[in-house]
Amino acid sequence: MLYLVPTPIGNLGDITMRAIEALRGADVIACEDTRHSLRLLNHLEIRKPLVSYHEHNEARRTAELLERLKLGETVAIITDAGMPGISDPGHRLLRACQAEGIAYTVLPGASAVLTALVGSGFPAEEFYYGGFLPVKSGGRERELKRAAGRVETSVFFESPHRILKTLEACGTICPERVLCVARELSKQFEEYRVGTGAELLAHYTAHPAKGEIVFLVRAATKEERRGIAEERDESVPE
């Protein structure tokens, strides 16, 4: 059987009892970075064979793990933090199990996306998750323009090295829109900072951001969407 096991996004105390049981019962644990995952497993006093499973070897390793599953072994997948399959490896092997009729289960647990969404205070009834914002400025600006026009809150991962460029772009694209930088979630220096692009840009220029970042764009109101549409010469549905 295949287990997709979420791991803490920061605080090791957020591991669930079911996750610990699944890891203890696995014949092999596939993980993004074996050195990183070994620290968690040592903390939990779990000794199991580890194999690397990341974007550069996912295709080859999926075939190997699928064969082990066919032989009756139990495989657990973990990533460096959070839920496997969400901008991290796991999806490909799960789909292979579906195709082969092999049993699998996904354990509930820590998710930076949901944690940041709730913590931002933005509307959470509907939301859009876009993974990592594009590295190149053109792609980043196109994605931010789409986010500015959505009626749902938009959630992205962003690098601390690029957050200033993202905030600068937001200051031009949607200068009045409220944004949130959710940083170092569940860790000692956890921070939810809410403001306009200009306000957040001023803060993080003076206090450079560090650690993992989730970046959120609050849902557009009808008035905000109308203003954006007028600039683009488009119509807004009533």
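Residues numbered from 1 in each chain as written. Predicted model: local features only at pLDDT ≥ 70, side-chain atom pairs only at ≥ 80, totals over all residues. Heavy atoms only, no water.

Teacher, can you tell me more about the sheet that holds strand E6 (residues 127-132) here?
Note on sheets: strands pair through backbone hydrogen bonds, and any given pair is parallel or antiparallel. In spatial order, the strands read E6-E7-E10-E8-E9; together these five strands make up an open sheet with mixed pairing. Among the strands making up the open sheet, the edge pair consists of E6 and strand E9 (191-195). Mean inter-strand twist for the sheet, computed between neighbouring axes without regard to direction, equals 15°. Helix-sheet contacts for helix H6 (residues 137-148) involve E6, strand E7 (153-158) and strand E10 (213-217), and the interaxial angle to E7 is about 155°. (Pairing = 2+ DSSP bridges. Helix = DSSP H or I, 4+ residues; strand = E, 2+ residues; numbered from the N terminus. Axes fitted to C-alpha atoms, helices over the stretch in contact; angles between N-to-C directions. Contact = heavy atoms within 4.5 Å.)

I keep staring at the packing of helix H7 (residues 163-173) against helix H8 (residues 197-206) and nothing clicks. Help me out?
Two packed helices can be described by the angle between their axes and the distance between those axes. Their axes nearest at 8 Å, the elements H7 and H8 cross at an angle of 155°. Here H7 is positioned roughly antiparallel relative to H8, judged by the angle of their axes. Considering the relative orientation of H7 and H8, their crossing is left-handed. Packed against H7, whose contacting residues are Leu-164, Leu-167, Glu-168 and Gly-171, the element H8 presents Gly-197, Leu-200, Leu-201, Tyr-204 and Thr-205 at the interface. In terms of residue class, the contact of H7 with H8 is built from five nonpolar, three polar and one charged. (Parallel < 35°, antiparallel > 145°, perpendicular 65-115°, else oblique. Left-handed = near helix turned anticlockwise from the far one by under 90°. Nonpolar A, V, L, I, M, F, W, Y, C, P; charged D, E, K, R; others polar.)

I tried to follow the environment of Ala-169 on my own but got confused; where do I start?
Note on placement: Ala-169 falls in helix H7. In this structure Ala-169 comes out as buried when scored by relative accessible area, which is 9%. With 72 residues separating them in the primary sequence, Ala-169 and Cys-97 have C-alpha atoms 42 Å apart. What Ala-169 contacts, discounting residues up to four positions off in sequence, is Glu-141 and Leu-144. (Buried < 20%, exposed > 50% of the residue type's maximum accessible area, 1.4 Å probe, protein only.)

What is the right way to read the pattern of salt bridges from this model?
Note that side chains of opposite charge can pair when their charged atoms are close. One pass over the full model with this rule turns up twelve salt bridges. Among the ionic pairs, Lys-70 bridges to Glu-67, the shortest N-O distance being 3.7 Å. With Lys-70 and Glu-67 both in helix H3 (residues 58-70), this residue pair falls three residues apart, about one helical turn. A salt bridge links Arg-150 to Glu-143; the nearest nitrogen and oxygen atoms lie 3.4 Å apart. What you see here is one network of salt bridges that share partners, running through Arg-60, Arg-61 and Glu-64. (Salt bridge = Lys/Arg side-chain N within 4 Å of Asp/Glu carboxyl O.)

Got a minute to help me understand the sheet that holds strand E2 (residues 28-31) in this structure?
Sheet architecture is open: five strands sit in the order E3-E2-E4-E1-E5, paired in parallel fashion. The two strands at the open ends of the sheet, each matched to only one other strand, are strand E3 (50-52) and strand E5 (104-106). In this sheet, neighbouring strand axes are inclined to one another by 20° on average, regardless of whether the strands run parallel or antiparallel.

Sorry if this is basic, but what is going on with the state of the cysteines here?
Here, disulfide denotes a covalent bond that connects the sulfur atoms of two cysteines. A full pass over the atoms with the stated rule returns zero disulfides. Free cysteine Cys-31: the closest other cysteine sulfur is in Cys-97, separated by 17 Å. Of all cysteine sulfurs, the one in Cys-174 lies closest to Cys-170, which takes part in no disulfide; the gap is 4.6 Å. (Disulfide = S-S within 2.5 Å.)

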